[in-house]
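# Examination of the molecular architecture
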Amino acid sequence: MKNLFLLYFLLFQPILSFPLELEEFQRIELPQCKSIDSLVILPDGYAIADSYQHKILIYDKNFSFIKSFGKLKKTDDGFEIFLSMAYFPKNLLYISSHFSNVSIFNLEGNFLGTIMTDVGETVRSILYQNGFIILGIPKEPLIRIYKENKLISSFGKFPDYYKNYPSGAMISLASSFDTIYCALPLSYPILGFTYEGKKIIEIGSPDLMIKPYKTLDNEEIKDFKKISVIAQIVLLKNKIISVQLLPKGHSYKYAWDIFSVDGKLLKSSFFINYFLISNDGENLILQDYERKNRIIIAKIKE
């Protein structure tokens, strides 16, 4: 009887979180910052977008504060709520803070112009890669690629189950030199495209969602506090880390799933209260959920 019970337990127990550990190197308080809404790595430091103060804050490589710029304005030469930001290697920042357009600033804080998307939706994700600016927008086509601020390619569609999804969907992008990865909030898979728009891979299964939308009726999809959603994907070397924002009432704020770039699930359901903001190619840059102006530098223990 004991053996039968053990067999039943092994076969039918729920999938538990895997034994993953973070090796923390630094915890850094940023007293000049009130809210870390986006962080990009510069050649000699970091730029942080702070929606609470409607400013961009510039730090050196040791997170020592250098300067800030910006103010609350509803026009493209000012800032409201920051959604995404990318660094272009000519000392330029591409910033999504307004409805539809992307503002361009240099690191001195001078406003240089805009990318006019004319789509009637806010840009949710901005990347720089291969000389291109890549935008994720919650309106088909989902991915738009710009060269010298001119649209050269666009592709990507919503799955059918998004017909009941409200406008303004989160979209998270990550990219390598040959692939653009796109995650939509309600479910896996993460989609991988070539820069020409050909879909080449699907990563992740819907059953990885901690609280999937399919457990709710269509009306409740509008209440994001009841479901888990994919809030961020980050490419780190040959791995993709996906961050689920967990429903209200869960004992943790986030769950991470880790995949290889060829689609293999490496780790699932790592529960944590740190939001994964970015990485420097070696280490993860995290934000403490309890303290919005605290940065944690860490590495996953292999």
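Residues numbered from 1 in each chain as written. Predicted model: local features only at pLDDT ≥ 70, side-chain atom pairs only at ≥ 80, totals over all residues. Heavy atoms only, no water.

Right, let's get into the pairing of strand β2 (residues 38–42). Counting buried positions over the five residues of β2 gives four, a clear majority of the element. Sheet topology places β2 next to strand β3 (residues 45–50); five bridges connect them, and they run antiparallel. Across the sheet, the residue bridging to Leu39 is Ile48, located in β3. Remark: two residues form the turn of the hairpin made by β2 and β3, two consecutive strands paired antiparallel. (Buried < 20%, exposed > 50% of the residue type's maximum accessible area, 1.4 Å probe, protein only. Helix = DSSP H or I, 4+ residues; strand = E, 2+ residues; numbered from the N terminus. Pairing = 2+ DSSP bridges.)

Among the five residues that make up strand β23 (residues 284–288), five are buried, leaving the element largely enclosed by the rest of the structure. Across the two faces of β23 the burial is the same, with Leu284, Leu286 and Asp288 and Ile285 and Gln287 all buried. Both strand β22 (residues 274–279) and β23 contribute to a ladder of five bridges, which runs antiparallel. The residue of β23 that forms the bridge with Phe275 is Gln287. Linking β22 to β23, which pair antiparallel, is a turn of four residues; within it Gly281 sits at a positive phi near 95°. Hairpin connection, β23 to strand β24 (residues 294–300): the antiparallel pair is bridged by five residues.

A few words now on the nonpolar core. By size, the foremost hydrophobic cluster in this structure holds 32 residues, and its most contacted members are Leu22, Leu30, Phe63, Trp256, Leu284, Leu286 and Ile295. Top element by residues in this core is β24. It accounts for five residues. Those residues in contact with Leu30, other than ones at most four positions away along the chain, are Ile36, Ile48, Tyr59, Phe63, Asn293 and Ile295. By size, the runner-up hydrophobic cluster in this structure holds 20 residues, among which are Leu142, Ile143, Tyr162 and Leu186. (Core = buried A, V, L, I, M, F, W, Y, C linked by side-chain atoms within 4.5 Å. Contact = heavy atoms within 4.5 Å.)

With respect to the helices and strands, Thr117 occurs in the loop between β9 (111–115) and β10 (125–129). Owing to a relative accessible area of 8%, Thr117 belongs among the buried residues under this scheme. Ignoring sequence-local partners within four residues, the contact set of Thr117 consists of Ser100, Asn101, Val123, Leu135, Ile137 and Tyr146.

The next thing to look at is the sheet that holds strand β20 (residues 254–260). Spatially, β18-β19-β20-β21 is the arrangement adopted by the four strands of the open sheet, whose pairing is antiparallel. Either end of the sheet is taken by a strand with one partner, and the two such strands are β18 (229–236) and β21 (265–272). On average, adjacent strands in this sheet sit at an angle of 20° to one another, irrespective of strand direction. Relative to β20, strand β19 (residues 239–245) runs antiparallel, the two sharing seven bridges. Looking at β20, one finds that Gln244 is bridged to Ala255. (Axes fitted to C-alpha atoms, helices over the stretch in contact; angles between N-to-C directions.)

Now for the environment of Arg144. Tracing the backbone shows Arg144 in strand β12 (residues 143–147). Along the primary structure Arg144 and Ile133 are separated by eleven residues, whereas in three dimensions their C-alpha atoms are 8.4 Å apart. Aside from chain neighbours lying at most four places away, what touches Arg144 is Val119, Ile133, Ile134, Leu135, Ile137, Lys139, Leu151, Ser153 and Ser154.

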